[in-house]
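# Structural overview
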Amino acid sequence: MFKVIANLDLHTPLSEVADAARRAEALGFERLSIPDVCQDGLLAAAIAIGATQRIEIANSALVCFPRSPMTTAVAVWGLQDYSKGRYRLGLGPLVAANIVQKYSTPWHAPAPRMREYVLAMQAIFRCWQYGEPLRFEGKHYSFTRQQAYVAPPPIEHPEISLQLAAVGPRMISLAGELADAITAHPTNTSPRFIREIMQPELETGAVRTGRSAADVSVIVNPLIASGSSSVEIAQNRETQRQLLATILSTPNYWRSLKLFGHEELGPKLRQLTREGRWGEMSALLGDDLLDAFAFCAAWGELAGLLRESYRGVAAAIALPLPRDSANDAQIAPLVESLAA
């Protein structure tokens with residue numbers, strides 16, 4: 001039995017979020033995971049919460065470093081109260097180029113900074129819920145002032161579940177130390193990567209707080225190429241091949257290439273991006289490597305394939321929620337089968 005999560009398409013405009021959330025709930029998903037990319041993830045989460053009754057609403061990986069922990073805490077506290085405990089907070093560090101060039105935010109090593117970010121938010125929450133004086137002082141963040149008359153009031157569900165998006169060993173270890181769950185990047189979602197690399201690194205962090213890796217739920221985000229015919233599956237397979245080639249051109253995601261014996265591929269893909277030769281990238285990914293990352297099967301076969309691959313490895317499987325509802329009749333039984 002898996003928790004089955006719907007990943008909201010990152011191009012979904014705010015005007016479509018409410019309908020998408022209601023649709024995910026009707027399809028039987030336990031959680032809707034909302035990105036923080038093309039739209040503000042916190043705004044979208046508020047819309048989704050207001051449109052639903054049962055389903056959990058999460059931000060998959062809120063871009064946190066450009067936001068103050070206090071700014072994030074205020075929004076998250078309100079979302080948790082509004083949802084009556086259905087909100088799940090996900091934080092992600094992003095790569096250096098995006099933090100500096102897209103968000104105009106200074107870059108620091110992400111794991112130490114994220115540790116302070118999480119601990120600072122926890123101190124803020126304790127201040128609001130239990131009246132503790134706000135006293136958090138670290139290298140990156142310092143919070144020592146909270147006037148009582150503008151402090152958010154205590155809420156019914158103050159324990160806000162935290163999931164971290166982690167790729168490198170230090171961030172994975174931090175998830176083991178502090179998080180309730182870890183969101184695996186699509187390039188780190190293979191069962192082999194989780195068993196051989198992620199679980200030991202989670203354990204390294206978990207022992208620092210008297211926990212074990214088993215205390216951290218693993219959320220996988222597999223690439224899916226499915227369809228109702230062999231032609232449709234083949235077309236979707238090539239779409240995933242191109243997507244994977246694009247993702248793997250970023251050095252942060254080369255750990256799995258090394259694991260699968262294709263370490264030389266990363267620099268080649270990166271060079272093609274620098275030369276603007278995007279159309280040539282997918283040809284470098286052979287079928288064996290694509291199959292290590294992507295699940296390609298007919299709708300009726302997909303549940304069994306995912307169950308067999310992730311049994312004992314992951315607690316939750318995240319599936320894309322297409323903006324087009326054409327395949328909803330196939331998605332609903334897939335969700336039901338994985339959750340059973």
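Placed above this text is the structure.
Rules of the game
Residues numbered from 1 in each chain as written. Predicted model: local features only at pLDDT ≥ 70, side-chain atom pairs only at ≥ 80, totals over all residues. Heavy atoms only, no water. Helix = DSSP H or I, 4+ residues; strand = E, 2+ residues; numbered from the N terminus. Rg over C-alpha atoms; globule rule 2.2 N^0.38 Å. Buried < 20%, exposed > 50% of the residue type's maximum accessible area, 1.4 Å probe, protein only. Contact = heavy atoms within 4.5 Å. Core = buried A, V, L, I, M, F, W, Y, C linked by side-chain atoms within 4.5 Å. Polar contact = N/O pair within 3.5 Å; in protein donor to acceptor, adjacent residues only side chain to side chain. Salt bridge = Lys/Arg side-chain N within 4 Å of Asp/Glu carboxyl O. Axes fitted to C-alpha atoms, helices over the stretch in contact; angles between N-to-C directions. Parallel < 35°, antiparallel > 145°, perpendicular 65-115°, else oblique. Left-handed = near helix turned anticlockwise from the far one by under 90°. Nonpolar A, V, L, I, M, F, W, Y, C, P; charged D, E, K, R; others polar. Pairing = 2+ DSSP bridges. Phe/Tyr/Trp six-rings, centres within 6.5 Å; stacked < 30°, edge-to-face > 60°. Lys NZ or Arg CZ within 6 Å of the ring centre and 35° of its normal.

## Notes on the overall build of the chain
Secondary structure assignment for the chain yields 13 helices and 13 strands. In terms of overall size, the chain behaves like a compact globule, its C-alpha atoms giving a radius of gyration of 20 Å where 340 residues would be expected to give roughly 20 Å. Principal-axis analysis of the C-alpha atoms places the extent of the chain at approximately 65 × 40 × 40 Å. Buried residues in the chain amount to 52% of all 340 residues. Sequence-distant contacts, at least 24 apart, represent 74% of the contacts inside the chain between residues at least 6 apart.

## Re the nonpolar core
Counting residues in hydrophobic clusters, the biggest one holds 86 residues, and the most contacted among them are Phe-29, Leu-32, Leu-91, Met-114 and Tyr-310. A per-element tally of this core places helix 5 (residues 110–130) first, with 11 residues. For Met-114, the residues in contact, after removing those within four places along its chain, are Cys-64, Phe-65, Leu-91, Gly-92, Pro-93, Leu-164, Met-171 and Leu-174. Formed by 19 residues, the second largest nonpolar core is a distinct cluster that contains Val-95, Leu-223, Ala-245 and Met-281.

## Some thoughts on helix 2 (residues 41–51)
Among all positions of helix 2, only Gly-41, Leu-42, Ala-44, Ala-45, Ala-48, Ile-49 and Ala-51 are buried. With a side-chain oxygen positioned 3.0 Å from the backbone nitrogen of Leu-42, the residue opening helix 2 is Asp-40.

## Brief notes about the pattern of salt bridges
In total, this model carries 21 salt bridges according to the counting rule given. One salt bridge in this structure joins Glu-30 and Lys-3, with 2.7 Å as the shortest N-O distance. Separated by 27 residues along the polypeptide, Glu-30 in the loop between helix 1 (14–26) and strand 2 (31–34) and Lys-3 in strand 1 (residues 3–8) bring together distant segments of the chain. Glu-238 is the partner of Arg-241 in a salt bridge, and the nearest nitrogen-oxygen pair spans 2.9 Å. Of this pair, Arg-241 and Glu-238 both sit in helix 8 (residues 230–247), three residues apart, roughly one helical turn. Of the residues examined, Arg-241 reaches a relative accessible area of 8% and is grouped as buried.

## Structural notes on the packing of helix 5 against helix 6 (residues 169–178)
One can describe the packing of helix 5 onto helix 6 by two numbers: an axis separation of 9 Å at closest approach and a directional angle of 25 degrees. By the angle between their directions, the pair helix 5 and helix 6 is classed as roughly parallel. In terms of crossing hand, the pair formed by helix 5 and helix 6 is right-handed. Where helix 5 abuts helix 6, its residues Pro-110, Ala-111, Met-114, Arg-115, Val-118 and Leu-119 lie against Arg-170, Met-171, Leu-174, Glu-177 and Leu-178. Partitioned by chemical class, the residues of the contact of helix 5 with helix 6 number eight nonpolar, no polar and three charged.

## So, the pairing of strand 5 (residues 87–92)
By the criterion of burial, strand 5 is predominantly enclosed, with six of the six residues buried. Alternating positions in strand 5 separate into two faces, Tyr-87, Leu-89 and Leu-91 on one and Arg-88, Gly-90 and Gly-92 on the other, with burial throughout. Note: strand 3 (residues 56–59) against strand 5, two bridges, orientation parallel. Residue pairing across strands places Ala-58 opposite Arg-88, the latter belonging to strand 5. Both strand 4 (residues 62–63) and strand 5 contribute to a ladder of two bridges, which runs parallel.

## A word on the packing of helix 2 against helix 3 (residues 69–82)
Each pair of packed helices can be described by the angle between their axes along with the distance between the axes. Closest axis-to-axis distance for the helix 2/helix 3 pair is 10 Å, and the angle between their directions is 10 degrees. In terms of axis orientation, helix 2 runs roughly parallel to helix 3. Facing Leu-42, Ala-45, Ala-46, Ile-49 and Gly-50 of helix 2, the residues of helix 3 in contact are Ala-75, Val-76, Leu-79 and Tyr-82. Residues of the contact of helix 2 with helix 3, tallied by class, amount to eight nonpolar, one polar and no charged.

## A look at the environment of Thr-204
You can see Thr-204 is positioned in helix 7 (residues 191–206). For Thr-204, a relative accessible area of 44% translates into the label partly exposed. When the C-alpha positions of Thr-204 and Pro-222 are compared, they lie 25 Å apart, and in sequence the two are 18 residues distant.

## Here we look at the side chain of Thr-189
As for its position among the elements, Thr-189 is in the loop between strand 9 (181–184) and helix 7. A polar contact is formed between the side chain of Thr-189 and the backbone nitrogen of Asn-221, at a distance of 3.1 Å.

## With respect to the packing of aromatic side chains
Pairs of aromatic rings are described using the distance from one ring centre to the other and the angle between the two planes. Scanning all chains against the criterion turns up eight aromatic pairs. A centroid spacing of 5.6 Å and a plane angle of 90 degrees characterise the contact between Tyr-117 and Tyr-141, whose relative ring orientation is edge-to-face. Here the residue Tyr-117 occupies a position in helix 5, and Tyr-141 occupies one in the loop between strand 6 (136–137) and strand 7 (142–143), the gap between them amounting to 24 residues. Tyr-141 shares its class with Tyr-117; the two are buried. Geometrically, the ring pair formed by Tyr-141 and Phe-143 is stacked, given 6.4 Å between the ring centres and 15 degrees between the ring planes. Each member of the pair Tyr-141 and Phe-143 is classed as buried. Here the aromatic residues Phe-65, Tyr-117, Tyr-141 and Phe-143 are joined through ring pairs into a cluster of three or more. It is Arg-113 that lies over the ring of Phe-65; its NZ or CZ is 4.3 Å from the centre.

Shape is all these values report; function is a separate question.
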